[in-house]
Amino acid sequence: MRVVVGTIVHHPADARIYHRQIRALLEAGHQVTYIAPAETENFSAERTGPQLQVIPVPRAVGRNRLGALRAARRELARHAVGADLLLVHDPELLLALPPRRKRPPTVWDVHAAAAAVHTAERLAERRLHLILAEQGYVPRFSQTHPVVPNTTYVPETAAPPDPAAQRVVYVGHLSPDRGVAEMVDVAALLRPHGIAVELIGPADAQARGMIEPAQAQGLLRWPGFVPNDLAMQKVDGAVAGLSLLQDEPNFRHSMPTKVVEYMARGVPVVTTPLPSAADLVTRYECGFVVPFGEPRAAADAVLQLAGDASLRAKMGSRGHEAARISLGWPADAQAFVAQLEAWAQRS
């Protein structure tokens, strides 16, 4: 099967698109043509080879959105010829699809906020195959669509705590509603105790306005975007993984991928009480649930873990075991690939 995968919004090394879905297709023996902003971002396609072809297009950001859309339309039309399936990840690309008679079965992977794409969802549901990133997205649609969750790769054994480097980490997009102000405050509270805070991921303009001064003051480290496989190495050995998301409607029915990733790496979780995250942490006793908007409570949880090696090890171990049993991507990868194969065969 030859699959054309497209995005002009996401980083080309996006964890869901590149490190999970494209990897799963390649490991199943399929060919992938990947249309993505591969030259405008820090991207090293380590999986390039005869089975993977990367087609660079501009990224849709700022005033460059129209140019990116035109480039994507051109490349989608060119590579759809002879393809068995087309898989797009952005609502913007719904405007760039080739005519129905000139393209193979087409799939939209929905992993965006409902408010921004509600009209597009209603139209796409009638014309395309859909896969959903969250069980919480299901009520948004009138038809039934498969859910491909953001589970993760779980190592057989988790890295032990690193006693020489007391640090806490955050992995993911950085924005005010994802708790950037609270994490800056946590960094200030932990600094006198010699515990470093590292925020790993791209930041929007508002978040940068908070992060850059804090980094200049030495309160925290911010390397920016780091490919998922390398980001997970930075998680290994941390005192805790932070998920201080605010109480926003789009978060209430979603599972923050970062919580699953911390568990998979054997790192205790400190999370706000969003339902899915709090359920995992309390059910498996693998971290602390702290109130929204209270950085002192988050810092106290980190200090408790830093001061109790046994508690830290037990929570990390319980989280890793839970992830190994029920939150591993390989099982979901098989279902994902099988679904794409079935849709391609119906053409």
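The structure presented is a predicted model; accordingly, all values stated were derived computationally and were not measured. (Residues numbered from 1 in each chain as written. Predicted model: local features only at pLDDT ≥ 70, side-chain atom pairs only at ≥ 80, totals over all residues. Heavy atoms only, no water.)

A. Here's a closer look at the overall build of the chain. The helix and strand inventory of the chain stands at twelve helices and twelve strands. Taking 347 residues into account, the globule formula puts the C-alpha radius of gyration at 20 Å, and the chain, at 20 Å, falls close to it. Oriented by its inertia axes, the alpha-carbon framework of the chain measures out at about 65 × 40 × 40 Å. Buried positions account for 52% of the 347 residues belonging to the chain. A separation of at least 24 residues holds for 64% of the contacts in the chain among residues at least 6 apart in sequence. Element-wise, carbon and sulfur atoms account for 51% of the exposed surface of the chain, whose accessible area totals about 15,100 Å². Side chains of the chain give 36 positive and 34 negative charges; the mean places of these two sets differ by 7 Å. (Helix = DSSP H or I, 4+ residues; strand = E, 2+ residues; numbered from the N terminus. Rg over C-alpha atoms; globule rule 2.2 N^0.38 Å. Buried < 20%, exposed > 50% of the residue type's maximum accessible area, 1.4 Å probe, protein only. Contact = heavy atoms within 4.5 Å. Areas by Shrake-Rupley, 256 points an atom, 1.4 Å probe, with all protein chains shown as cover. Lys, Arg positive; Asp, Glu negative; His and termini not counted. Charge placed at Lys NZ, Arg CZ, Asp CG, Glu CD.)

B. Spatial organisation of the sheet that holds strand 12 (residues 287-289). Spatial strand order, 9-8-7-10-11-12: six strands in an open sheet with parallel pairing. Of all the strands in the sheet, the pair left with one neighbour each is strand 9 (221-224) and strand 12. Across the sheet, the axes of successive neighbouring strands diverge by a mean angle of 20°, strand direction being ignored. Sheet topology note: the strand 8 (residues 196-200)/strand 9 ladder contains two bridges and is parallel. When the sheet's bridge partners are listed, isoleucine 200 is paired in strand 9 with glycine 224. Of the strands in this sheet, strand 7 (167-171) and strand 8 are in contact with helix 6 (residues 228-235), which crosses strand 7 at around 155°. (Pairing = 2+ DSSP bridges. Axes fitted to C-alpha atoms, helices over the stretch in contact; angles between N-to-C directions.)

C. Region of interest: the sheet that holds strand 5 (residues 106-110). What the six strands build is an open sheet, ordered 3-2-1-4-5-6; its pairing is parallel. Every interior strand has two partners, whereas the edge strands, strand 3 (52-56) and strand 6 (129-132), have only one. Within this sheet the neighbouring strands show an average axis-to-axis angle of 20°, counted without direction. Both strand 4 (residues 85-88) and strand 5 contribute to a ladder of three bridges, which runs parallel. Counterpart to leucine 87 in the pairing with strand 5 is valine 107. The strands that helix 12 (residues 329-345) touches are strand 4, strand 5 and strand 6; relative to strand 4, the one it contacts most, it runs at about 130°.

D. Layout of the packing of aromatic side chains. As enumerated under the stated definition, the model contains two aromatic pairs in all. Taken together, a centroid distance of 6.0 Å and an interplanar angle of 15° make the contact between tyrosine 18 and tyrosine 34 stacked. With tyrosine 18 in helix 1 (residues 15-27) and tyrosine 34 in strand 2 (residues 31-36), this pair connects stretches of sequence that are 16 residues apart. A relative accessible area of 0% places tyrosine 34 in the buried class. A centroid spacing of 6.3 Å and a plane angle of 45° characterise the contact between tryptophan 329 and phenylalanine 336, whose relative ring orientation is tilted. Over the aromatic face of tyrosine 153 sits the side chain of arginine 23, whose NZ or CZ is 4.0 Å from the ring centroid. Its end group placed over the ring of tyrosine 137, arginine 140 keeps NZ or CZ at 4.3 Å from the ring centre. (Phe/Tyr/Trp six-rings, centres within 6.5 Å; stacked < 30°, edge-to-face > 60°. Lys NZ or Arg CZ within 6 Å of the ring centre and 35° of its normal.)

E. Fine view of helix 1. Extensive coverage of helix 1 is indicated by the burial of eleven of its 13 residues. Turning to helix 1, its buried residues number three or more, namely Ala15, Arg16, Ile17, Tyr18, His19, Arg20, Gln21, Ile22, Ala24, Leu25 and Leu26. Near the N-terminus of helix 1, the side chain that reaches the backbone nitrogen of arginine 16, with its oxygen 3.0 Å away, is that of aspartate 14. Of the residues one or two after helix 1, glycine 29 is the one with positive phi, at around 90°. (Polar contact = N/O pair within 3.5 Å; in protein donor to acceptor, adjacent residues only side chain to side chain.)

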